[in-house]
Amino acid sequence: MDFNMKKLASDAGIFFTRAVQFTEEKFGQAEKTELDAHFENLLARADSTKNWTERILRQTEVLLQPNPSARVEEFLYEKLDRKVPSRVTNGELLAQYMAEAASELGPDTPYGKTLIKVSEAEKRLGAAERDFIHTASLSFLTPLRNFLEGDWKTISKERRLLQNRRLDLDACKARLKKAKAAEAKATLWNDEVDKAEQELRVAQTEFDRQAEVTRLLLEGISSTHVNHLRCLHEFVKSQTTYYAQCYRHMLDLQKQLGRFPGTFVGTIEPASPPLSSTSPTTTAATMPVVPTATGLAPPEEAALCLEEVAPPASGTRKARVLYDYEAADSSELALLADELITVYSLPGMDPDWLIGERGNKKGKVPVTYLELLS
């Protein structure tokens, strides 16, 4: 019992001494041992790494799970070391609603058939999203969390120890300085000087040892950057795969919908061709809609013989192709992204289509795949 009381008293005394030293330094009443420039740079880089890792981690979590309530729930499950329950993605939920609507409204009607097709695509999109979230969490979020909850906590602990060792060292320096001043005034050897010098040597040794430990940990931040760089590449790879899957699923869906005879006749206002003032960025931001000849072209256009078509005397324009396009039949012109072609319209043509020419090849091309140039 006495031992514990003495230890508590000793700890309280050390804490008080450090607090006094820290306060006097803040008010400029005590000298402070400064770390060298290299050490200060290591500290600054470590703090910057920690701060940006936290921000990137939090924002990536928002990207993968926009619902804040769901994020809180997942966080609590992780802290309780319990498996996070499987959650239906928004795409999968939309697919479920569309399938149920088709069943009730009539799966054999044009609307019902379309709902079923879109439902199947949304279900595939939801599955792709689930895979992306899982992969990104393992390859990117987990390493960032491991750094913040592991390495960074160790670094912070050693830095606090170093701060305490420095305060102890500077307090010993201050006591030695006072003892020597008292000795000079008394003009005789003061035992306090010997004691202060011994305490200073011990404090200096402990400070140097702790500084070396902390420095090694701070230099390990370079390895952290290398690891995070590798994880960032994995994140980009998984995100690229996800968006490529989404793009492929939607292109397949558009082609399937285009094969439904008469599905869109008289139901959708044709989109106006983009003006020359439309920026490439704005135009490219919209996914291409895949029109097809079946059920869309008026009777007079279907009978059009492309070999006999001649460009008008005026009204031809250059256009840049935004996306690859595979011709559905011989009346259409296949396109490659970024190529330049000449386009023009003919009387009676569907406004969603133009005649495109490239060299000696000619055919119908969808407007939504083009950026019309002035």
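Everything numeric here is computed off the predicted structure, so don't read it as measured data.

A. Inspection of the overall build of the protein at higher detail. Within the protein, the regular secondary structure consists of 9 helices and 5 strands. Starting at the N terminus and ending at the C terminus, the protein contains elements arranged as α-α-α-α-α-α-α-α-α-β-β-β-β-β. By the burial criterion, 33% of the 374 residues in the protein qualify as buried. Long-range pairs, those at least 24 residues apart, make up 72% of the contacts in the protein between residues at least 6 apart in sequence.

B. Seen up close, the nonpolar core. By size, the foremost hydrophobic cluster in this structure holds 34 residues, and its most contacted members are Phe39, Phe132, Phe140 and Leu218. The biggest single contributor to this core is helix H5 (residues 110-186), with 16 residues. Not counting chain neighbours up to four residues away, the residues in contact with Phe132 comprise Leu64, Phe235, Ser238, Gln239 and Tyr242. One finds Tyr325, Leu333, Leu370 and Leu372 within the second-largest nonpolar core, a separate group that totals 21 residues.

C. Inspection of the pattern of salt bridges at higher detail. Within the structure shown, the criterion is met by 15 salt bridges. A salt bridge links Arg320 to Asp338; its shortest N-O distance comes to 3.0 Å. Remark: Asp338 occurs in the loop between strand S1 (317-321) and strand S2 (340-344) and Arg320 occurs in strand S1; sequence separation between them is 18 residues. Among the salt bridges present, the one from Arg320 reaches Glu371, with a minimum N-O distance of 2.9 Å. Of this pair, Arg320 sits in strand S1 while Glu371 sits in strand S5 (residues 370-372), placing them 51 residues apart in sequence. Given the relative accessible area of 22%, Arg320 is considered partly exposed.

D. Inspection of the pairing of strand S4 (residues 361-366) at higher detail. Looking at chain direction, strand S3 (residues 353-358) and S4 are connected through 6 bridges and run antiparallel. Residue pairing for S4: Trp353 is matched across the bridge by Pro366. Two successive antiparallel strands, S3 and S4, enclose a turn made up of 2 residues, where Gly359 displays a positive phi of approximately 65°.

E. Structural detail: a nonpolar patch on the surface. On the surface, Val72, Phe75 and Leu76 cluster together into a nonpolar patch covering about 290 Å² of accessible area. For Val72, the location among the structural elements is in helix H3 (residues 68-79). The partly exposed category is assigned to Val72, whose relative accessible area is 48%.

F. Main features of the sheet that holds S4. Pairing is antiparallel across the open sheet formed by 5 strands, whose spatial order is S4-S3-S2-S1-S5. Every interior strand has two partners, whereas the edge strands, S4 and S5, have only one. Looking at each pair of strands side by side, their axes are set apart by 40° on average, direction ignored. Pairing of S2 with S3, which is carried by 3 bridges, proceeds in the antiparallel orientation.

G. Seen up close, the packing of aromatic side chains. Enumeration according to the criterion identifies 7 aromatic pairs in this entry. Their ring planes at 5° and their centres at 4.9 Å tell us that Phe132 and Tyr242 sit as a pair that is stacked. Residue Phe132 is located in helix H5, and its partner Tyr242 is located in helix H7 (residues 221-258); the two are separated by 110 residues in the primary sequence. Each member of the pair Phe132 and Tyr242 is classed as buried. The exposure class of Tyr242 is buried, given its relative accessible area of 14%. Among the aromatic residues, ring-to-ring pairing joins Phe132, Phe140, Phe235, Tyr242 and Tyr243 into one connected group.

H. Spatial organisation of helix H4 (residues 90-105). Helix length check: H4, at 16 residues, gives a terminal C-alpha distance of 22 Å against a target of 22 Å (1.5 Å per residue), a fit within 8%. Of all the positions in H4, only Gly91, Glu92, Ala95, Met98 and Ala102 are classed as buried. Burial along H4 is one-sided: seen end-on, the buried residues are contained in an arc of 120°. The outward face of H4, more than 90 degrees from its buried face, is lined by the exposed residues Asn90 and Glu104.

I. How the structure looks around the side chain of Ser119. You can see Ser119 is positioned in helix H5. Exposure remark for Ser119: the relative accessible area of 8% places this residue in the buried category. Discounting residues that sit within four places of it in the chain, Ser119 has contacts with Ala95, Met98 and Ala99.

J. Inspection of the packing of helix H2 (residues 37-64) against helix H6 (residues 191-219) at higher detail. For the pair H2 and H6, the least separation of the axes is 9 Å and the interaxial angle reads 50°. One way to sum up the angle between H2 and H6 is to call them oblique. The crossing of H2 and H6 is left-handed. Contacts between H2 and H6 involve His38, Phe39, Leu42, Leu43, Arg45 and Ala46 from the first element and Ala211, Thr214, Arg215, Leu218 and Glu219 from the second. Across the contact of H2 with H6, the residue classes break down as 6 nonpolar, 2 polar and 3 charged.

K. Quick peek at the environment of Ala334. Summarising the element assignment, Ala334 is placed in the loop between S1 and S2. You can call Ala334 partly exposed: its relative accessible area is 37%. Placed 30 residues apart in sequence, Ala334 and Lys364 show a C-alpha to C-alpha distance of 8.9 Å. In contact with Ala334, other than residues within four places in its own chain, are Tyr325, Ala327, Glu339 and Arg358.

Analysis parameters
Here the residue index of a chain counts from 1 through its sequence in written order. Totals for whole chains, interfaces and linings use all residues, but because this is a predicted model, local features are given only for residues with pLDDT of at least 70 and pairs of side-chain atoms are given and counted only at 80 or more. Side-chain metrics in this entry use all non-hydrogen atoms of the structure; hydrogen atoms and water are not considered. Secondary structure is summarised from DSSP: a helix means a run of H or I of at least four residues, a strand means a run of E of at least two, and numbering begins at the N terminus for each. Note on exposure labels: buried denotes an accessible area under 20% of the residue type's maximum, exposed denotes more than 50%, and partly exposed covers the range between, all computed with a 1.4 Å probe on protein chains only. What makes two residues a contact is simply this: any of their non-hydrogen atoms within 4.5 Å. Working definition of a nonpolar core: buried Ala, Val, Leu, Ile, Met, Phe, Trp, Tyr and Cys residues. They are joined through side-chain atoms within 4.5 Å. A side-chain nitrogen of Lys or Arg and a carboxyl oxygen of Asp or Glu constitute a salt bridge if their distance falls within 4 Å. Two strands pair if DSSP finds at least two bridges between them. Patch members must show over 30% relative accessible area and no salt bridge, and they are joined within 9 Å when carrying like charges or within 5 Å when they are nonpolar side chains of Val, Leu, Ile, Met, Phe, Trp or Tyr. Accessible surface area values rest on a Shrake-Rupley calculation with a 1.4 Å probe, where residue burial reflects the displayed protein chains alone. Here an axis means a line fitted to C-alpha atoms, over the contact stretch when the element is a helix, while the angle between two N-to-C directions is reported on a 0 to 180 degree scale. We call Phe, Tyr and Trp rings a pair once their centres come within 6.5 Å, taking the six-membered ring for Trp, and we label the pair stacked below 30 degrees between planes, edge-to-face above 60, and tilted otherwise. Residue count minus one, scaled by 1.5 Å, sets the expected span of a helix. Directions from the helix axis toward the C-beta atoms define the arc. In this scheme, roughly parallel covers angles under 35 degrees and roughly antiparallel covers those over 145, while 65 to 115 is roughly perpendicular and the rest are oblique. Left-handed describes a crossing whose near helix is turned anticlockwise from the far helix by less than a right angle; the clockwise case is right-handed. Under the convention adopted here, Pro, Cys and the residues Ala, Val, Leu, Ile, Met, Phe, Trp and Tyr are nonpolar, Asp, Glu, Lys and Arg are charged, and Gly plus all remaining residues are polar.

The analysis is restricted to geometry; functional conclusions fall outside its scope.
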